[in-house]
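# Observations on the model geometry
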Amino acid sequence: MTEETGDGWITPPSVPPLTGTEQFSTGDFGVVDFWRFAMSDLKMNNVRGYFAEFLVHRALGSARPREEWAGHDAETSDGLRVEVKTSAYLQVWEQRHPSTIRFEGLRSKLWSPRTGQADKATYNADVYVFAVQTARSHEEYDPLDLDQWEFHVLPHSILAALNQQSMALSTVRKHSSGSVGFHGLGDEIRSVSTCG
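So, a few notes on the structure that sits alongside this text. Predicted, not measured: the structure shown is a model, and the values here were computed from it.

### Some thoughts on helix α2 (residues 45-59)
Each α-helix winds once per 3.6 residues, and so residues spaced three or four apart point in a common direction. The first and last C-alpha atoms of α2 sit 21 Å apart over 15 residues, in line with the 21 Å expected at 1.5 Å per residue. Those residues of α2 that fall on the buried side of the exposure criterion are Val47, Arg48, Gly49, Phe51, Ala52, Glu53, Leu55, Val56 and His57. Once α2 ends, the next one or two residues include glycine 61, with phi positive near 80 degrees.

Structure follows, in structure tokens:
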């Protein structure tokens with residue numbers, strides 16, 4: 001049920017997560033068919049980004065759904081804000097050579113429905129996770145193999161000191177304490193958060 005606040009704003013209700021078994025009102029297809037249509041290839045750039053965010057949520061023990069307009073990608077129960085950036089050597093299109101790993105959009109302009117977009121782009125998280133899908137050939141690429149993912153974690157303070165809008169993987173590696181796998185990611189995020 002949509003609620004109207006006392007100041008005239010319409011607030012959308014919380015939406016329970018879909019299971020995929022829901023059916024459309026007409027036709028013999030359902031939500032899972034839409035998911036297969038829109039997100040069946042986890043190599044696609046936008047889906048790979050959502051997938052990396054999902055992995056970070058899982059590493060932190062969070063089952064919250066993704067928030068499209070939030071200023072950061074994940075938040076722990078104690079308020080730690082996490083931004084996730086992802087890249088891969090292989091794309092869904094033809095390539096002459098593997099992609100150069102670079103992470104874009106490190107600063108962004110916060111947006112609020114009540115105040116609009118901020119005038120200035122800022123670093124909006126306490127911790128930044130840089131996720132790389134490491135496969136170098138399509139034959140080996142398995143997005144569900146979590147051993148093919150490399151994560152680097154940097155605190156807000158390092159990004160603010162570097163003052164860059166984008167960053168090469170070499171720069172991320174230089175300033176992180178090393179790569180970590182999925183199973184150590186949650187601990188690394190919490191450890192880095194206390195450093196910066």
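Further notes follow.
### Comments concerning the sheet that holds strand β8 (residues 127-133)
The four strands lie next to each other as β3-β4-β8-β9, forming an open sheet whose pairing is mixed. Strands with a single pairing partner mark the edges of an open sheet, and in this sheet they are β3 (74-75) and β9 (149-155). Pairing geometry for β8 and β9, over seven bridges, is antiparallel. Its bridge partner lying in β9, alanine 131 is registered against phenylalanine 151. Contacts from α2 reach β3, β4 (81-88), β8 and β9, with the element oriented near 135 degrees to β4. On top of the sheet, helix α5 (residues 182-193) reaches β4, β8 and β9; it is set at about 5 degrees to β9, its chief contact.

### Structural notes on the packing of aromatic side chains
Taken as a whole, this structure holds six aromatic pairs when the rule is applied. Here tyrosine 123 and tyrosine 128 contribute two aromatic rings whose centre-to-centre distance is 6.4 Å and whose plane-to-plane angle is 85 degrees, an arrangement assigned as edge-to-face. Residue tyrosine 123 is classed as buried on the basis of its relative accessible area of 12%. Taking relative accessible area as the criterion, tyrosine 128 reaches 1% and is therefore assigned buried. Members of the aromatic cluster, joined through ring pairs, are Phe51, Phe54, Trp149 and Phe151. Across the ring face of tyrosine 89, the terminal group of arginine 136 is positioned such that the distance to the ring centre comes to 3.6 Å.

### Considering the environment of valine 180
Tracing the sequence through the fold places valine 180 in the loop between α4 (169-175) and α5. Take valine 180: its relative accessible area is 17%, and that puts it in the buried class. Taking C-alpha positions, valine 180 is 38 Å from glutamate 22, a pair spaced 158 residues apart along the chain. Valine 180 has contacts with Glu150, Phe151, Leu185 and Glu188, leaving out every residue within four places of it along the chain.

About the thresholds
- Residues numbered from 1 in each chain as written.
- Predicted model: local features only at pLDDT ≥ 70, side-chain atom pairs only at ≥ 80, totals over all residues.
- Heavy atoms only, no water.
- Helix = DSSP H or I, 4+ residues; strand = E, 2+ residues; numbered from the N terminus.
- Expected span 1.5 Å × (residues − 1).
- Buried < 20%, exposed > 50% of the residue type's maximum accessible area, 1.4 Å probe, protein only.
- Pairing = 2+ DSSP bridges.
- Contact = heavy atoms within 4.5 Å.
- Axes fitted to C-alpha atoms, helices over the stretch in contact; angles between N-to-C directions.
- Phe/Tyr/Trp six-rings, centres within 6.5 Å; stacked < 30°, edge-to-face > 60°.
- Lys NZ or Arg CZ within 6 Å of the ring centre and 35° of its normal.

The values are spatial; any link to function lies outside them.
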